[in-house]
Amino acid sequence: MTATVIDGKAFAAKVRAEVAKGVAKLKEEQGITPGLAVVLVGEDPASQVYVRSKGKMTVEVGMNSIEHKLDVDTSEADLLALIAQLNSDPEIHGILVQLPLPDHLDSDLVINSIDPAKDVDGFHISNVGLLGTGQKSMVPCTPLGSLMMLRDHHGSLSGMNAVVIGRSNIVGKPMAQLLLGDSCTVTIAHSRTKDLPDVVRQADIVVAAVGRPQMVQGDWIKPGATVIDVGINRIEKPEGGTRLVGDADYDSCAAVAGAITPVPGGVGPMTIACLLANTLTACCRANGLSEPEGLTA
């Protein structure tokens, strides 16, 4: 068996096109332009690249992109004051504080100071609670993108066995909640799970989000299962230099699985696409308008 490759890059382009249509409709019918504000503290190189990419794609779908780049030694009080200003600005519908923050800043305090309705990362404790109780929330982007690809590939997920490897607040836990919401039977496993390969072998859906390069091997995978690889790890190449790999060993898993996401080009592109989708959803909710279909959980 050779797995079907789930092309996250192509799927993300479709999502962005749907977002652009929704933005154009808002502008034409309501005179409203969704606005996304991104706050970057310090000069972490990976964060800078990510913020540039977000800004470019925000503009491409017709939204207003606002970037606030703050010095690495910005005080917590000044950062919280900026977030309060963005919370009260009616033209800002989504607020994202780029993580990681410098060590002197309390990430939880900062994230929980964002208006939950504008928390397009879905990290605010109120959104975590709403998602966990099956209520309308802002949904974390990476799990949302993974769910969209699973729905697109399978149609209904009802009754399927899903194993999520990883228990992070950003991916593992919300992913499990979303799969429960689609009536999967869900196991959250992790690096300390006993007999982890045997647990994974029971799964129709495997979401690998444990942060260990190529940890999940092909002989862990049930024949025909779908593997969603959330991992992004940089490893040394034998001939020198580095390359990106996921949390699953791609070649051995692809030989057994029914479908698999590659790294790069799988889940990664969906994260920014879902950030834009969340911003459009937040804008519609803020203005009492119908949400675009298919762009949230």
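Above: the structure in question.
Described in the following lines is the structure provided in the data block. Since this is a predicted model, take the numbers as computed values, not measurements. (Residues numbered from 1 in each chain as written. Predicted model: local features only at pLDDT ≥ 70, side-chain atom pairs only at ≥ 80, totals over all residues. Heavy atoms only, no water.)

**Examining the layout of surface pockets**
Then, number 1: Of the voids in this model, the largest pocket is the one considered here, and its volume is about 1,300 Å³.
Then, number 2: As for the largest pocket, its lining consists of 45 residues, and the residues nearest its centre are Y50, T142, I232, G268 and T271.
Then, number 3: Broken down by secondary-structure element, the contributors of at least two residues to the lining of the largest pocket are helix 1 (8–30), helix 2 (45–60), strand 4 (94–97), helix 6 (141–154), strand 9 (233–236) and helix 10 (267–286).
Then, number 4: Class assignment of the residues belonging to the lining of the largest pocket gives a composition of 26 nonpolar, 11 polar and 8 charged.
Then, number 5: Its boundaries defined by the atoms lining it, the second largest pocket holds a volume of some 410 Å³.
Then, number 6: Put simply, the parts of the chain that give the lining of the second largest pocket at least two residues each are helix 4 (107–111), helix 5 (125–132) and helix 7 (172–181).
Then, number 7: Sorting elements by how many residues they give to the lining of the second largest pocket places helix 5 first, with 5 residues. (1 Å grid on protein atoms, 1.4 Å probe; cavity = no way out; pocket = protein on both sides within 12 Å on 5 of 7 lines; lining within 4 Å. Points joined across faces, edges and corners; volume = space filled by probe spheres on them. Helix = DSSP H or I, 4+ residues; strand = E, 2+ residues; numbered from the N terminus. Nonpolar A, V, L, I, M, F, W, Y, C, P; charged D, E, K, R; others polar.)

**A short note on the sheet that holds strand 2 (residues 35–41)**
Pairing between the strands of a sheet comes from backbone hydrogen bonds, and it takes one of two forms, parallel or antiparallel.
Then, number 1: Spatial ordering of the open sheet is given by 3-2-4, a layout of 3 strands whose pairing is parallel. Edge positions in the open sheet fall to strand 3 (64–70) and strand 4, since each of these has one partner strand only. Within the sheet, the average angular offset between the axes of one strand and its neighbour, ignoring direction, is 15°.
Then, number 2: Bridge analysis of strand 2 against strand 3 gives 7 bridges, and the strand direction is parallel. From the neighbouring strand, V39 faces strand 3, where its bridge partner is H68. (Pairing = 2+ DSSP bridges. Axes fitted to C-alpha atoms, helices over the stretch in contact; angles between N-to-C directions.)

**Re unusual backbone geometry**
Then, number 1: Cis geometry is adopted by the peptide bond preceding P100, which originates at L99 and carries an omega value of 5°.
Then, number 2: The residue after V263, namely P264, is reached through a cis peptide bond having omega 0°.
Then, number 3: On the secondary structure map, P264 appears in the loop between strand 11 (259–260) and helix 10.
Then, number 4: The residue Q214 is not glycine, and still its phi comes out positive at about 55°.
Then, number 5: Positionally, Q214 belongs in the loop between strand 7 (205–208) and strand 8 (226–229).

**A word on the packing of helix 1 against helix 10**
Then, number 1: The N-to-C vectors of helix 1 and helix 10 enclose an angle of 20°; their axes lie 9 Å apart at closest approach. When the axis of helix 1 is compared with that of helix 10, the two are roughly parallel. As for how helix 1 packs across helix 10, the hand of that crossing is left-handed. Contacts between helix 1 and helix 10 involve G8, K9, F11, A12, V15, R16, V19, G22, V23 and L26 on the former and, on the latter, P269, M270, A273, L276, A277, L280, C283 and C284. (Parallel < 35°, antiparallel > 145°, perpendicular 65-115°, else oblique. Left-handed = near helix turned anticlockwise from the far one by under 90°. Contact = heavy atoms within 4.5 Å.)

**Some thoughts on the side chain of K118**
Then, number 1: Within the fold, K118 resides in the loop between helix 4 and helix 5.
Then, number 2: This buried residue, K118, is left without a salt bridge; D115 holds the nearest opposite charge, at 5.3 Å.
Then, number 3: Among the polar contacts made by the side chain of K118, one reaches the main-chain carbonyl oxygen of L86 at a distance of 3.0 Å.
Then, number 4: One polar contact links the side chain of K118 to the main-chain carbonyl oxygen of N87, over a distance of 2.9 Å. (Buried < 20%, exposed > 50% of the residue type's maximum accessible area, 1.4 Å probe, protein only. Lys, Arg positive; Asp, Glu negative; His and termini not counted. Salt bridge = Lys/Arg side-chain N within 4 Å of Asp/Glu carboxyl O. Polar contact = N/O pair within 3.5 Å; in protein donor to acceptor, adjacent residues only side chain to side chain.)

**Describing the side chain of S137**
Then, number 1: By the element assignment, S137 lies in the loop between helix 5 and helix 6.
Then, number 2: The class for S137 is buried, based on a relative accessible area of 5%.
Then, number 3: Apart from residues no more than four positions distant in its own chain, S137 is found in contact with N127, L130, L131 and R285.

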